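Chains, contacts and geometry: an overview
What follows is each chain in one-letter form.
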Amino acid sequence: MSAFEPFAYMACLLFSMFGMLMLDWRHRLFWFADPRRAAVVHTAGVATFLVWDAFGIGFGVFFRGETPYMTGVQLAPELPVEELLFLTFLCWLTMNVHTGSARLLAHRRARPAERALRAEQGEDA
Amino acid sequence: MTYWIINAGFLAAAAALFALALRADRRRPRARLSRTASLITALVLLTLTAVFDNIMIAVGLVAYGDAQISGIRLGLMPVEDFSYTVFAVLALPALWVLLDGRRPRAGARPGTQPDEPRPGTTPPEPEPEPEAEPEADAPPRPGHPQLEHPQSGPPRDER
């Protein structure tokens, strides 16, 4: 099993990303709602976070830890490739939760009025 | 303090973007930024951050320079780490909404934006599925209610 240890974190991240993909696809939340807007928002978010990371790494705020659970592949000094996956996941999660919440809220607000309207028009609720 | 100083710049940008999106709502009533959704998103994301950042630090995935952080930690995680989450919650939905250039027109896809219906207006079609968006000034998609809700009876007239 220890041959798989370096991939443990990446596996968790890929699993989580798959979850985001499924939620997005099933409910048309982000990429499956508007791919062009999603492309801009997602890449802008990840790019900003990477710049933020660069500042943090540059000033010695944080660095890659000592762990057997990462592949060791780095995009830049102290910047593991897993971080890129994590930031992608973070942005996707935020947008999925936000759009999902907003839609649920809109539904709950619409329903009583919509029921009244339908009743008014003589239809079954 | 270094970490806080770096974070402050990004957080200020996020707050500005958020404020811009809220102010632009007046011109864009059909694609409003839902502040309640932002609050819910913040609560969910901050909770997840607190849990998983601690796990990641405990497992050794990331380490911090003691001289650069305030030293205030929630468990193992420096509280400054919440800044990334706050940035995402403020800036990303704001940008998403600001980029929404769609105008009311026939055939506009429902379920593509975090709309809040205006008081007094109702969606023309009942669509309990979360993906359906109440778009008060767009005609319903033809055929959709029958596909999704075969029990809702004869189709309503298009408005």
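Note that the structure is a prediction, hence the values are computed from the model and not measured.

Some thoughts on the overall build of chain B
- From N to C terminus, chain B includes four helices and three strands.
- Along chain B, helices (α) and strands (β) appear in the sequence α-α-β-β-β-α-α when read from the amino end.
- In chain B, of all internal contacts separated by at least 6 residues, the share reaching a separation of at least 24 is 55%.
- Total accessible area on chain B is roughly 7800 Å²; 65% of this is exposed by carbon and sulfur atoms.

Considering the side chain of T41 of chain B
- Counting through the fold element by element, T41 of chain B comes out in helix α2 (residues 35–59).
- Within polar-contact distance, the side chain of T41 of chain B engages the backbone oxygen of A37 of chain B at 2.6 Å.
- Sequence-distant contacts of T41 of chain B, defined by excluding residues within four places in its chain, comprise T94, V97, H98 and S101 of chain A together with V89 of chain B.

Remarks on the pattern of salt bridges
- If you walk through the whole model with that rule in mind, you get three salt bridges over all chains.
- Close ionic contact of D34 of chain A with R37 of chain A constitutes a salt bridge, the shortest N to O distance being 2.8 Å. Here D34 of chain A and R37 of chain A have matching classes, each one buried.
- Linking R73 of chain B and D66 of chain B is a salt bridge whose minimum nitrogen-to-oxygen distance equals 3.8 Å.
- Through salt bridges that share partners, D34 and R37 of chain A together with D100 of chain B make up one connected network.

Describing helix α3 (residues 82–98) of chain B
- Across its 17 residues, α3 of chain B extends 24 Å between first and last C-alpha, which sits within 8% of the 24 Å expected from 1.5 Å per residue.
- Along α3 of chain B, 14 of the 17 residues are buried, which leaves the element largely enclosed by surrounding structure.

Focus on the packing of helix α2 (residues 35–58) of chain A against helix α1 (residues 2–24) of chain B
- At a minimum axis distance of 10 Å, the contact between α2 of chain A and α1 of chain B shows a crossing angle of 160 degrees. The orientation of α2 of chain A relative to α1 of chain B falls into the category roughly antiparallel. When you trace α2 of chain A past α1 of chain B, the crossing you get is right-handed. Contact with α2 of chain A, carried on its side by T48, V51, W52, F55 and G56 of chain A, involves I6, N7 and F10 of chain B of α1 of chain B and no other residues of that element.
- Residues of the contact of α2 of chain A with α1 of chain B, tallied by class, amount to five nonpolar, three polar and no charged.

Description of the nonpolar core
- Among the nonpolar cores identified, the biggest contains 55 residues, and F49 and F62 of chain A together with W96 of chain B are the most heavily contacted of them.
- Elements represented by at least two residues in this core include exactly α1 (8–27), α2 and α3 (81–120) of chain A together with α1, α2, β1 (62–64) and α3 of chain B.
- At 11 residues, α3 of chain B tops the list of elements feeding residues into this core.

What counts, and where the lines are drawn
- Residues numbered from 1 in each chain as written.
- Chains lettered and ligands numbered in written order.
- Predicted model: local features only at pLDDT ≥ 70, side-chain atom pairs only at ≥ 80, totals over all residues.
- Heavy atoms only, no water.
- Helix = DSSP H or I, 4+ residues; strand = E, 2+ residues; numbered from the N terminus.
- Contact = heavy atoms within 4.5 Å.
- Areas by Shrake-Rupley, 256 points an atom, 1.4 Å probe, with all protein chains shown as cover.
- Polar contact = N/O pair within 3.5 Å; in protein donor to acceptor, adjacent residues only side chain to side chain.
- Salt bridge = Lys/Arg side-chain N within 4 Å of Asp/Glu carboxyl O.
- Buried < 20%, exposed > 50% of the residue type's maximum accessible area, 1.4 Å probe, protein only.
- Expected span 1.5 Å × (residues − 1).
- Axes fitted to C-alpha atoms, helices over the stretch in contact; angles between N-to-C directions.
- Parallel < 35°, antiparallel > 145°, perpendicular 65-115°, else oblique.
- Left-handed = near helix turned anticlockwise from the far one by under 90°.
- Nonpolar A, V, L, I, M, F, W, Y, C, P; charged D, E, K, R; others polar.
- Core = buried A, V, L, I, M, F, W, Y, C linked by side-chain atoms within 4.5 Å.

The quantities given are spatial measurements derived from coordinates; they are silent on function.
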